[in-house]
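So the chains spell out like this:
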Amino acid sequence: MVHCFLIHTICPINVLGAGESRVLYSRVFGPDENTLDGDLGPEERRLLQKEKLLVVARQVRSAVALSREASGQVVVETVPGEEGVALMEADSGVLRLRAGDPFSGERSALWLGIQSLGFTLVCEPHENLLLAEGTLRNLARHCLEHLHMLASGSEVLLKSDRIDVLLSRLLPHGQLLFLNHRFVQSLEKEVTAYMAK
Amino acid sequence: MYSHGSESLIKQAREIQEPELQKFYSRIAKLLQGREYGHETIDSLQRLYLILSATKYTRMLPSELQKRLLSLLLSSSVEQLQVLCSAVLRETLPPSGQELNFNQDTSSLLSSHAAVLLLSQTGSRGDLSCLSAQLLRSLEGRPSEGPAHSLTHTLPIINTILTHSPECLTEDHVTLLSKKLVDWLRYASIQQGGGASSGGFFTGPRSRQPGPIAELDGTVSGDFFTVLCVGQGFTEDQWMNVYSFSMLRHWLLTYNSTSGGHTTGDTDDRSEVDGSVVSMVSATSSSSRLLPPKERLREKAFQYCQRLIEQSDRKAQKRTDTELQKACLVEAVCILDSVCVEDASLVYRAFPCVKALYGRLSSDLSFARVLLPIAQFYLNHGEMAAVDCECVWKLVFGRFPAELFNDHFLAHELLQFLRQNLGNLQLRVPQYISSFPNLLKFLAWDSPAVVDDFVDLLPSLVTAGTAVELLHSLLDLPCLSATLVLQLRSMYFPISEPGGRGLLSLEAFRSPSYRGLFLFLLRGEAGSGNCCDTIARLNKLHELLAEAVDWARVVQCAQTVPVLLHVYFNTVITVADEKLLAQLILVLLERSSLLFNIPKYIKEIHRVFSCHLLRLCKLRPSLVVDQSHELLEFAGTTANVFSKEDVFTHVVWVLGEYLSVSSDSRCSVELITSCFESLEAVLFEVTSSAPPPGEAHAAPRVITSLMSALAKLASRSHDLIPRVSLFLSKLRTVTRGGSVPWCSNEEDIAAVVTRGEELWSLLKVPSVAQIVLTPPPHVTTPQWHRDTNAAMPLQLRALTSLTQSH
């Protein structure tokens, strides 16, 4: 089960402190893990969840920064239309989130860094990471294309319903799916039909 | 990608004022009252979502608007509206008392987006149970009347519920679902789905007949449908096949009768006792119909996995399918593993399959991540099946770290494998501990990502046999990091660049005269190669790698070494005997001058050394007398005052504190005197002239610790007291004159002089000095309430306060 999917910044932002990250899209799957055991009110639960996601975004941001620094890679800006190139040049990695930091159980955060934005999947430790990696790349590709993320627009904020629909097909309720190219084609047709509206 | 525009949108959304917000709410409510929903409605809903989600504090919607959105979500057939309503409602809270009613009638099938909302707002386990009951009722019903995907989201939802609270499903539910899963996994249609390619003018009835499904390489499929089968279109049960397999592993793990442990002991007994009838039957698949549902599911899962393994051997026509085949292999082996843990009789059927797979893949490093679950299988069941696992461990501990250290994902998965099976590996796989030089390569390459794993793994690698070599390896980690960079560069650019732009270190790496040095660093096993020989040539190595000190990777690695050293020392004191501890002290002293010259690295390591030297000597004070020769040699070298200040200070302190008869009866007057003389000489030298060129002044702490050590030693051999007193009074005289060449700061001089005066006055009364400076053990380890002498005052005080309070 994937616990959550995040799109967040991995570049420095003027108004925020160093190392901070802005979460542009977040989606948690399933019941809130704080609900079933704690005795917090619903508002506090929501606040706690948002804070936990922010912690993950920050940790991924620093992991990406360290990884890029170590490999000496220079981040090249690509223009809209070069989504394939952007994806090929993306750095990826996986981060271990210890139990309690910030989720109650151990998790793995799989990340894909495309220029100044990061796409992160937080999975259970026993998840099939090969499958998760493929799914994450697919999701990122669709987001880049359908939300024109290589341009400087703000569609990721204003058209988040598209990401919701994408997730409902490719990662329904956080379930990773073993889809061969035919199944993927069939789902992508539905997604494209939706995006065309 | 992330622009100013987006940043200002978020700011606006967060800072929207209450009156404006209320106006917005009423505008949306009005828009939603109509029948038709145009661009403006959609746009407004999206902006509403942004406003609600941009802030972590919850905003409440007016209850009318809330109700309207909810009814739209449940009744609308326009997907975009459903999605937006679900998203908006998820970002806010229902007004109290109006939580979603979970006991809705089942006539309306819950859409996927409505279910998302339900799940996110679940208040309790009871709610989840209701939801799961409802979903299973819908599965039980007749083939769906709705669109093709109406049932498909039920399995993911059930899987989510399982993850959070498996007890929500009753025994009946589990049975029902087991039966359904068997149907979908094993008996899905093997004809292609309807909706085949769009016909043209000339398509007749014959061309519309769907053909059989095909394999990934194009050949017609000869067996049951799996996720690796393709067709032009898919039937509903083929979709359910995909969804079922996707959740299968989790299902089997959750409803295993034993709770998922890897201990083979218990499971063996269990299956022997109550599964004897079952296991006989399951050996022949034709009679599987007689099995109870759970066991039948296990059997079908087994067959499915075997088929997947077979299908993965075919050459797929598309690259994404090749990736899928790898993922399927991983999943299939994991499922086989958990099924065999559950029912040990299946091991004899599974092993040939897994072994053949291993044979197929072991020579191809691109399948390394698939080989890890196979290694897990061997670890769990190899002993039972009496299979030799040597080759597997050689691969996992030998080739993988040596050749694939730069694969992030493999590193993560391999280290996770080690962490999760630590107990087993320590018991049964001796290669684990002896391959630590190889394992450290993951750390040297990508320290920030894996240091966490190593903090957990390092204690298991610290054994009496490996301790010294491991310490050297940890200290040389930045050198290893630089070497790995050079190794990769050497591979990618095999020919030296003619223009001489190449790195000096790369040249050195390739030159045969230094080959031995680098090969030693890159060794795969502990105990091989000559450790001492290389230590002697370390200076040369540091010289050759000099340009690597500012490579980012090397610097990141250097930053993790102190942390790991702390872990190392904390562990080593639990496994080391006196002899090993003595050896470690020697290593500390020796290596303090043999460290790779990365800025701040040397200082940090010295700090760690000092801290642990102190701990070791406190633990075993007799070590000081034992190693007094080496310690004295170190403390008697004046140059060490400047180049290794931290370590020097602590060595001096340790000598002063523990070189006494009470620590070790072998301590003689001669030893104390010779120590005194060495330290005295250093102190004279430091306080009589300016520091050597290029060095900063000695810190006052060094001088005061030297003085204190001398005083302590003198208190044990009273002949030495006059010498110390003489020096201290001379010091006082000299510093009264104003500035001194060995210290520039007046406050520091004052501190040194003050300490000198304190010691001088103490030494005027030798017996007192002895007690203060060399306290007998019972003073340093007080046992207040246990010691009758000390307890009396406490008793009296307690009695007094009791009597006074009444």
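Computed from a predicted structure; not experimentally measured.

**Quick look at the overall build of chain B**
Right, on to step 1. Helix and strand counts for chain B come out as 42 helices and zero strands.
Right, on to step 2. Out of the 806 residues in chain B, the part that is buried amounts to 52%.
Right, on to step 3. Contacts in chain B between residues far apart in sequence, at least 24 positions, make up 75% of those at least 6 positions apart.
Right, on to step 4. Approximately 36900 Å² of chain B is accessible, and the part contributed by carbon and sulfur atoms is 55%.

**Structural notes on the interface of chain A and chain B**
Right, on to step 1. The interface of chain A with chain B comprises 79 residues on the first partner and 88 residues on the second.
Right, on to step 2. At the boundary of chain A and chain B, one finds 35 residue pairs in polar contact (both at pLDDT 80 or more).
Right, on to step 3. Residue assignment for the side of chain A that touches chain B shows that the elements contributing at least two residues are strand S2 (23-28), helix H1 (42-71), strand S3 (91-97), strand S4 (107-114), helix H3 (129-146), helix H4 (155-158), helix H5 (160-170) and helix H6 (181-195) of chain A.
Right, on to step 4. The biggest single contributor to the side of chain A that touches chain B is H1(A), with ten residues.
Right, on to step 5. Considered class by class, the residues forming the side of chain A that touches chain B number 36 nonpolar, 22 polar and 21 charged.

**Some words on the nonpolar core**
Right, on to step 1. Residues Phe5(A), Trp251(B), Trp393(B), Phe400(B) and Tyr568(B) are the most contacted members of the largest nonpolar core, which totals 313 residues.
Right, on to step 2. When sequence neighbours within four positions are dropped, the list of residues in contact with Trp393(B) reads Ala375(B), Leu379(B), Gly398(B), Phe417(B), Leu425(B), Val429(B) and Gln431(B).
Right, on to step 3. Within the second largest apolar cluster, 15 residues are counted, among which are Val28(A), Ala63(A), Val64(A) and Leu97(A).

**Quick notes on the packing of helix H8 (residues 154-164) of chain B against helix H10 (residues 236-254) of chain B**
Residue and element names in this part refer to chain B.
Right, on to step 1. Interaxial distance between H8 and H10 falls to 10 Å at its minimum, and their mutual angle equals 15°. As the angle between them shows, H8 and H10 are arranged roughly parallel. As H8 packs across H10, the resulting crossing turns out to be left-handed. Every residue of H10 that contacts H8 at Leu155, Pro156, Asn159, Leu162 and Thr163 is listed here: Met240, Tyr243, Ser244, Met247, His250, Trp251 and Thr254.

**Re the confidence of the model for chain B**
All names here are of chain B.
Right, on to step 1. Here chain B averages 85 in pLDDT, and 87% of its residues register 70 or above.
Right, on to step 2. Taken together, the stretch residues 196-200 has pLDDT below 50 and engages in one contact with residues farther than four places along the chain or on a different chain.
Right, on to step 3. In the predicted structure, residues 258-285 sits below a pLDDT of 50 and forms 30 contacts with residues beyond four places in sequence or in another chain.
Right, on to step 4. The ipTM value of the predicted complex is 0.95, and its pTM value is 0.89.

**Considering the packing of aromatic side chains**
Right, on to step 1. If you walk through the whole model with that rule in mind, you get 22 aromatic pairs over all chains.
Right, on to step 2. Measuring from ring centre to ring centre gives 4.9 Å for Phe183(A) and Trp239(B), while their planes differ by 80°; the resulting arrangement is edge-to-face. Here the residue Phe183(A) occupies a position in helix H6, and Trp239(B) occupies one in helix H10, the pair thus bridging two chains. For the pair Phe183(A) and Trp239(B), a shared accessibility class is recorded, and that class is buried.
Right, on to step 3. Through pairs of rings, three or more aromatic residues link up here, namely Phe183(A), Phe225(B), Phe234(B), Trp239(B) and Tyr243(B).

**Quick word on the pairing of S4(A)**
Residue and element names in this part refer to chain A.
Right, on to step 1. Among the eight residues that make up S4, eight are buried, leaving the element largely enclosed by the rest of the structure.
Right, on to step 2. Sheet topology places S3 next to S4; seven bridges connect them, and they run antiparallel. Looking at the pairing, Arg96 lines up with Ser108 of S4.
Right, on to step 3. Looking at chain direction, S4 and strand S5 (residues 117-123) are connected through seven bridges and run antiparallel. Its bridge partner lying in S5, Trp111 is registered against Thr120.
Right, on to step 4. What sits between S4 and S5 in their antiparallel hairpin is a turn of two residues, with Gln115 showing a positive phi close to 55°.

**Focus: the environment of Glu69(A)**
Right, on to step 1. Secondary-structure assignment places Glu69(A) in helix H1.
Right, on to step 2. Note: C-alpha distance between Glu69(A) and Val156(A) (87 residues apart in sequence) is 27 Å.
Right, on to step 3. Setting aside anything within four residues of it in sequence, one finds Glu69(A) in contact with Ala552(B) and Gln556(B).
Right, on to step 4. A distance of 3.0 Å separates a polar atom in the side chain of Glu69(A) from a polar atom in the side chain of Gln556(B).

**Quick word on the side chain of Ser246(B)**
Right, on to step 1. As for its placement among the helices and strands, Ser246(B) is situated in helix H10.
Right, on to step 2. Looking at Ser246(B), its side chain comes within polar contact range of the main-chain nitrogen of Phe178(A), at 3.3 Å.
Right, on to step 3. Beyond its immediate sequence surroundings of up to four residues, Ser246(B) is in contact with Gln175(A), Leu176(A), Leu177(A) and Phe178(A).

**Some details on the pairing of S2(A)**
The two faces of the sheet receive side chains in turn, since in a regular strand these alternate between them.
Residues and elements named next belong to chain A.
Right, on to step 1. The buried count for S2 comes to five of six residues, which makes it a mostly enclosed element.
Right, on to step 2. The sheet contact formed by strand S1 (residues 2-9) and S2 spans five bridges and is antiparallel. Across the sheet, Cys4 pairs through a bridge with Val28, a residue of S2.

Criteria and cut-off values
Residues numbered from 1 in each chain as written. Chains lettered and ligands numbered in written order. Predicted model: local features only at pLDDT ≥ 70, side-chain atom pairs only at ≥ 80, totals over all residues. Heavy atoms only, no water. Helix = DSSP H or I, 4+ residues; strand = E, 2+ residues; numbered from the N terminus. Buried < 20%, exposed > 50% of the residue type's maximum accessible area, 1.4 Å probe, protein only. Contact = heavy atoms within 4.5 Å. Areas by Shrake-Rupley, 256 points an atom, 1.4 Å probe, with all protein chains shown as cover. Polar contact = N/O pair within 3.5 Å; in protein donor to acceptor, adjacent residues only side chain to side chain. Nonpolar A, V, L, I, M, F, W, Y, C, P; charged D, E, K, R; others polar. Core = buried A, V, L, I, M, F, W, Y, C linked by side-chain atoms within 4.5 Å. Axes fitted to C-alpha atoms, helices over the stretch in contact; angles between N-to-C directions. Parallel < 35°, antiparallel > 145°, perpendicular 65-115°, else oblique. Left-handed = near helix turned anticlockwise from the far one by under 90°. pLDDT = per-residue confidence, 0-100. Phe/Tyr/Trp six-rings, centres within 6.5 Å; stacked < 30°, edge-to-face > 60°. Pairing = 2+ DSSP bridges.

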